[in-house]
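Chains, contacts and geometry: an overview
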Amino acid sequence: MGDVLLSAQDLSVRFGGVLAVNKVSFEVRQGEVFTLIGPNGAGKTTVFNLISRLYQPTSGQIVWHGEPQGGPVVLTQQAPHRIANLGIARTFQNIELFEHASVLHNLLVGYHCHATTGFWSRLFFTPATRRSELTARRKAEEVIELLDLQHHRDAMVAGLPYGVRKVVELARALCTEPKLLLLDEPSSGLNVEETADMAFWIQDIQQELGISVLMVEHDMTLVSKVSDRVLAMNQGEVLAMGTAREVQQDARVIEAYLGTVDDVSSLRRTPQANPAEVAP
Ligand SMILES: Nc1ncnc2c1ncn2[C@@H]1O[C@H](COP(=O)(O)OP(=O)(O)OP(=O)(O)O)[C@@H](O)[C@H]1O
Ligand SMILES: [Mg+2]
């Protein structure tokens, strides 16, 4: 694996009496799939919300190393809208899409966070704007092909099955051409076959597009299949870090999940509403 892409240093965040994240440190390296696991309420989505700048940490910082020319960027000092420009995209635990727009339109919105043309240029549809539109369309078509969405390209999102909507959300994140993709429970609500497909997409994204992935996931089959390294959390704290196998065998992890069982491979959570979920 490559150099460090993102480092979380001693991150903590408190909501009233709840210390949702407590002195958490980790590094995501260039090219890897790094996965956060942990029981419900462990603080996983909160870590994502800190990276996305939806939450401000109580202490600690996140440093982004994805700007090789510009040097490290302290992410926790950036405005939320800068995050996508820096090359960080995410999907949500509960799907967040424009339900009454087509798949293609949802993907074009994804690309437009990169639009470099100004307001007047867009108003008068100048050649620069036209070029930017064409690039957006090309990128969207490329991602549609990659994720096998051709069949649904012009369909309204609201009418699509849940499993397809999950892939559309992934596609929209890819259209921003990220260096780091944050996936919050990519398999939640999917059946076994759809989860297996999701594992292939994640591997393609890592291996063919060279995008690093930071994932939160409960399905240990998916976690074991795609993760280079896994970090287990419980009640806001780091319990263990290592390969999926090492972490599943860690006594503190086993205890945090169930108390007694000798592995955590069969854990699969049913989807539920989450207080940490915030719309984009
Ligand atoms: N905006 C908020 N206000 C108050 N408490 C919050 C907020 N966001 C998160 N929390 C609390 O922080 C803790 C961690 O929540 P978080 O959603 O990060 O857990 P999680 O590991 O993602 O769990 P799950 O597996 O259920 O998605 C929980 O106790 C949660 O209730
Ligand atoms: Mg969560």
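All figures in this text were calculated on a predicted structure; none of them were measured in a lab.

1. Re the sheet that holds strand β8 (residues 212-216)
As summarised here, the arrangement of the 6 strands in space is β6-β7-β8-β3-β9-β10, forming an open sheet in which the pairing is mixed. Edge strands, defined here as strands with exactly one partner in the open sheet, are β6 (88-91) and β10 (237-242). With direction set aside, neighbouring strand axes in the sheet form an average angle of 15°. Bridging between strand β3 (residues 33-37) and strand β9 (residues 229-234) involves 4 bridges; their strand directions are parallel. Bridge pairing in β9 places L36 opposite L231. Packing against the sheet, helix α6 (residues 162-174) makes contact with β6 and β7 (180-184), and its axis sits at approximately 170° to β6. Relative to β8, helix α7 (residues 192-207) is tilted by about 150°, and along the sheet it contacts β3, β7 and β8.

2. Focus: the confidence of the model for the protein chain
Mean pLDDT over the protein chain stands at 88; residues scoring 70 or higher make up 84%. Scored below 50 in pLDDT, residues 268-275 makes 10 contacts in the model with residues more than four places away or belonging to other chains.

3. With respect to the environment of A140
Mapped onto the elements of the fold, A140 is located in helix α5 (residues 127-146). When the C-alpha atoms of A140 and R172 are compared, they prove to be 8.2 Å apart, with 32 residues separating the residues in sequence.

4. Regarding α6
What sets the pattern is the α-helix's 3.6 residues per turn: residues three or four places apart point alike. Between its first and last C-alpha atoms α6 spans 19 Å; for 13 residues at 1.5 Å apiece the expected length is 18 Å, and the two agree. All of the buried residues along α6 are R165, K166, V167, V168, E169, L170, A171, R172, A173 and L174.

5. Section: the sheet that holds strand β2 (residues 18-29)
Pairing is antiparallel in the open sheet, where 4 strands are placed in the order β2-β1-β4-β5. The open sheet has two free edges, formed respectively by β2 and β5 (73-74), since each of these has just one partner strand. Summarising the sheet, strand β4 (residues 59-64) and β5 pair through 2 bridges and their orientation is antiparallel. Looking at β5, one finds that V63 is bridged to V74. Where helix α1 (residues 44-51) meets the sheet, its contacts fall on β1 (4-15), β2 and β4, and the angle it forms with β2 comes to roughly 65°.

6. Here's the deal with α1
Burial analysis of α1 places 8 of its 8 residues in the buried class, which makes it a mostly covered element. Inspection of α1 places K44, T45, T46, V47, F48, N49, L50 and I51 among the buried residues, and these make up the whole buried set. Where α1 ends, the next residue or the one after it, R53, has phi of about 70°, a positive value.

7. Thoughts on the nonpolar core
Counting 73 residues, the largest nonpolar core has A171, L181, V213 and A232 as the members making the most contacts within it. The element that contributes the greatest number of residues to this core is α6, accounting for 6 residues. In this structure, this core is formed jointly by two domains, domain 1 (1-87 + 179-261) and domain 2 (96-177), each of which donates at least three residues.

8. Section: the pairing of β6
Where a strand is regular, its side chains alternate between the two sheet faces. Across the two faces of β6 the burial is the same, with I88 and R90 and A89 and T91 all buried. Taken together, the 4 bridges between β6 and β7 define a ladder with parallel strand orientation. Within β7, the residue paired with A89 across the bridge is L181.

The rules behind these values
- Residues numbered from 1 in each chain as written.
- Chains lettered and ligands numbered in written order.
- Predicted model: local features only at pLDDT ≥ 70, side-chain atom pairs only at ≥ 80, totals over all residues.
- Pairing = 2+ DSSP bridges.
- Helix = DSSP H or I, 4+ residues; strand = E, 2+ residues; numbered from the N terminus.
- Axes fitted to C-alpha atoms, helices over the stretch in contact; angles between N-to-C directions.
- Contact = placed C-beta atoms within 7 Å.
- pLDDT = per-residue confidence, 0-100.
- Expected span 1.5 Å × (residues − 1).
- Buried ≥ 20, exposed ≤ 12 C-beta atoms within 10 Å, placed from the backbone.
- Core = buried A, V, L, I, M, F, W, Y, C linked by C-beta atoms within 7 Å.
- Domains from an automatic or database assignment.

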